[in-house]
Amino acid sequence: MTRVRVTAPRQSAAPATGRVPYPHEAAEDSDAGRIFVRSLIRSQLRLALVVACGFLIILAVLATILVYGPGVAETRLVGIRLDWLALGVGIYPVIGLSAWLYNRAAARNEARYRDLVEDK
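From a predicted model like this one, the values you see are computed outputs, not experimental measurements. (Residues numbered from 1 in each chain as written. Predicted model: local features only at pLDDT ≥ 70, side-chain atom pairs only at ≥ 80, totals over all residues. Heavy atoms only, no water.)

**Brief notes about the overall build of the protein**
Along its length, the protein carries 4 helices and 2 strands. Among the 120 residues that make up the protein, the fraction classed as buried is 16%. The contacts of the protein with a sequence gap of at least 6 include a subset with a gap of at least 24, amounting to 68%. Approximately 9900 Å² of the protein is accessible, and the part contributed by carbon and sulfur atoms is 63%. (Helix = DSSP H or I, 4+ residues; strand = E, 2+ residues; numbered from the N terminus. Buried < 20%, exposed > 50% of the residue type's maximum accessible area, 1.4 Å probe, protein only. Contact = heavy atoms within 4.5 Å. Areas by Shrake-Rupley, 256 points an atom, 1.4 Å probe, with all protein chains shown as cover.)

Okay, here's the thing in structure tokens:
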């Protein structure tokens, strides 16, 4: 058996010309820029914690209602107990809503940051 080596001719990468730096790169050059970047990071962290805590609270309340609610454990829908159905299927809309809200708020935070950096 003969080995055949298939190669392409070497091409050098085209030099980057006229590259526009990202706003955070331009902002990190000054003290005010570093403050803006730290502020963005803090606001995104705060947003993530709020959304995660909100989701966990909703999950805990739903689980508590399903466990301690009168007659929930005996109720069946399509042959499946309602508590299992709600936790197994009903939680996905809550996950989707949490993700959508987080995405909107994160984009708003970044837009505010971009406006601050461009005004600077």
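**With respect to the pattern of salt bridges**
In the structure shown here, the tally under the stated rule is 2 salt bridges. For Arg 34, the salt bridge goes to Asp 31, with nearest N and O atoms at 2.7 Å. Of the two residues, Arg 34 and Asp 31 both sit in helix H2 (residues 31-68), 3 residues apart, roughly one turn of that helix. The class for Arg 34 is partly exposed, based on a relative accessible area of 36%. Overall, Asp 31 belongs to the exposed group, its relative accessible area being 56%. Its salt-bridge partner being Asp 83, residue Arg 81 comes within 2.8 Å of it at the nearest N-O pair. For Arg 81, a relative accessible area of 30% gives the class partly exposed. (Salt bridge = Lys/Arg side-chain N within 4 Å of Asp/Glu carboxyl O.)

**What about the side chain of Asp 83?**
Structurally, the position occupied by Asp 83 is in helix H3 (residues 82-88). For Asp 83, a relative accessible area of 11% corresponds to the buried category. The residues touching Asp 83, leaving out its near neighbours within four places in the chain, are Leu 66, Val 72 and Ala 73.

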